[in-house]
Amino acid sequence: MRHYIYFLTLFIGFNSWAQFGSLSGQFCFGSTEDEFPIKEEQLGNGNRILLLTSNSPAFGDKTENSRGDYDFWVLCLDANDQIVWQRTIGGNAADYPSNLLISADQSIYVCGQTASPQSFEQTNALFGSFDAWLLKMNSAGDILWDNNYGGTASDNFNDLIELPSGNLLIFGTSESGVSGNKTSINYGAKDLWSLKLNADGAILNDKSIGGSAADQIPYAILTAPNRIKLVANSNSAISGLKSEQSFGLTDIWVLDLDTNCNIIQQKTIGGSDNDKPTDLLWSNEGKLLLLAESWSNVSGLKTEDAYGFMDTWILKLADNLDIIQQKTIGGDIYDYGGQLIEWPNGNLGVLTNSNSNPNQFKSAPVMGAFDIWMYALDANFNFLGDKTLGTSQDEIGLSLQLSPNLSDIRVLAASKGGITNDKTCSCKGKYDFWGFSLSSTLQTNNIPSTRSLKLYPNPTSNFITIENNNAEQFLSIDLLDYAGKHIKSFNPKSTSLSLAGFSPGIYLLQISTEKGNFCERIRLE
């Protein structure tokens, strides 16, 4: 069931369209094939390390040939986005990177999985069809060591964190039983697999966490010196180490762990369809925030219906992992993937990908096959504004970070498009790496206070009614198109406005009152 009537909350003195500004510092790197960015981390000297997936030969910006199929491509950029050094890392088969960590001593760890036998940078014999793979590099890009981890089936790494002791906790997915260098049993088709390693990659302990079905793709954060919060996809019912029943096809499984990966508490979250986490964040107020893809309507623990086929779902959890707050945000088709950031004032930024048409959340039409879509919320999950970016082709937003000024944001994306719309650098291959910064006023704005104005019905076919419970005096009422061009002025004493004769689409209704200016979107059908 999709939403067709919605009541909109307006904000005092606040224009939600003005919060994301212009792009700056654009750069593109590519060769003849595919380059997909994974993550960016900053060294102490100000240079940035970027991890990408690449299957390209030496051409364009890439100076080394592909080793086999897909490889790790590690770039070091200076403050001007110029390449300081680069490394192509892989064996003669498929190697897929997943994450990057710069440790306190400025070592660079990159992880993922490998199907390559001993060849090129892969120096180890395989245990299974795919092994989890971890490499340690110095800040000059030299590989210090590489290790394989796993059993006789397929295993991979997805996330890693550094503990205060200097040891590493690394999390992945395992289909293997006790075999290879894996000493923990498997509970189901796919288990979460955690390993504690020392700085040389030696295994201190390993543990499988799972139920009788598939539990996979973990994301983890350190929330205290001895506490880990982890989220993953789960298809398991009560079984193995899973203590709560499933809600749908795929649920969000939240785990509170100690640093030996013993389960302290857990929570299963979902509706009746597929709900999959894409990011997690420990907020300024000390609460766990989750971002997920959701196909579910109201069911299970989900309290809002879907807007499209796939939406974003953001949740705030209490210390006992119960849901404090939740919000479903999306357009009418697909809004997938997602990264989450928090500004120091508590406002939240979300990066996702969309081919949805405009609605009460999404302000701009689709540019290409899929666009980069960013939106912002306040700490209470009130919607503040959005920005759609892309070309006439296909763009995939993959990483979102706050800039060092703690106001602007940095986005890493893959792009098929050339110089068009927002993009100012050309495409060399099939998908190139596109990076840019986006100015923002979301850190400098206070969280707006709400007022009791309602616009309804919305969407509408011929009229809109303004409900003004505070009986404030309206000075002017103006209708604008979605680009901000003035179309019509209404009598400020009117509360029922005729929209007959206007073409279907997204419009802005701008209201000036004695207490400030207001602007809200209207969908005319």
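In this text, all values refer to a predicted model and were calculated from it rather than measured experimentally. Note on numbering: residues in each chain are counted from 1, in written sequence order. Given that this is a predicted model, residues contribute local features only at a pLDDT of at least 70 and side-chain atom pairs are listed and counted only at 80 or more, while totals for whole chains, interfaces and linings are drawn from all residues. The basis for every side-chain value is the complete set of heavy atoms in the structure, and neither hydrogens nor water enter the calculation.

## Points about the confidence of the model for the protein
pLDDT expresses how confident the predictor is about each individual residue, on a scale running from 0 to 100. For the protein, per-residue confidence averages 90 on the pLDDT scale, and 92% of positions sit at 70 or higher. We call two residues contacting when some pair of their heavy atoms lies within 4.5 Å. In the predicted structure, residues 1-18 sits below a pLDDT of 50 and forms 67 contacts with residues beyond four places in sequence or in another chain. In this model residues 445-451 is a low-confidence stretch, pLDDT under 50, and it forms 25 contacts with partners more than four residues away in sequence or in other chains.

## Examining the pattern of salt bridges
When a carboxyl oxygen of Asp or Glu lies within 4 Å of a side-chain nitrogen of Lys or Arg, that pair is called a salt bridge. Overall, the coordinates contain 13 salt bridges when judged by the stated rule. A salt bridge links D256 to K229, with the shortest nitrogen-to-oxygen separation between them at 3.4 Å. Of this pair, D256 sits in strand 16 (residues 251-258) while K229 sits in strand 15 (residues 227-234), and the two are 27 residues apart along the sequence. Categorising residues by exposure relies on relative accessible area from a 1.4 Å probe, with only protein chains included: less than 20% of the type maximum marks a residue as buried, more than 50% marks it as exposed, and the intermediate range marks it as partly exposed. When its relative accessible area of 7% is taken as the criterion, K229 is described as buried. Taken together, the shared-partner salt bridges in this structure form one network comprising E40, R48, D81 and R410. Secondary structure counts use DSSP, requiring at least four H or I residues in a row for a helix and at least two E residues in a row for a strand, with both numbered from the N terminus.

## Remarks on the nonpolar core
Counting residues in hydrophobic clusters, the biggest one holds 20 residues, and the most contacted among them are F20, I372, M374, L400, I409, W434 and F436. Elements with a contribution of two residues or more to this core: strand 1 (20-29), strand 24 (371-377), strand 25 (383-389), strand 27 (409-415) and strand 28 (432-440). Those residues in contact with M374 that sit more than four places away from it in its chain are F20, V350, L351, G385, D386, K387, L389, L400, I409, V411 and L438. In this text, buried Ala, Val, Leu, Ile, Met, Phe, Trp, Tyr and Cys residues form a nonpolar core when linked through side-chain atoms within 4.5 Å.

## A closer look at the sheet that holds strand 20 (residues 311-317)
The strand order across the open sheet formed by four strands is 18-19-20-21, and the pairing between neighbours is antiparallel. Each edge of the sheet is formed by a strand with only one pairing partner; in this case those strands are strand 18 (275-282) and strand 21 (323-329). The mean inter-strand angle of the sheet, taken between neighbouring strand axes irrespective of direction, is 20°. The pairing of strand 18 with strand 19 (residues 288-294) spans seven bridges and is antiparallel. From the neighbouring strand, L280 faces strand 19, where its bridge partner is L290. Paired strands, in this sense, are two strands between which DSSP finds at least two bridges. Note on method: axes are straight lines fitted to C-alpha atoms, helices fitted across the in-contact stretch only, with angles between N-to-C directions ranging 0 to 180 degrees.

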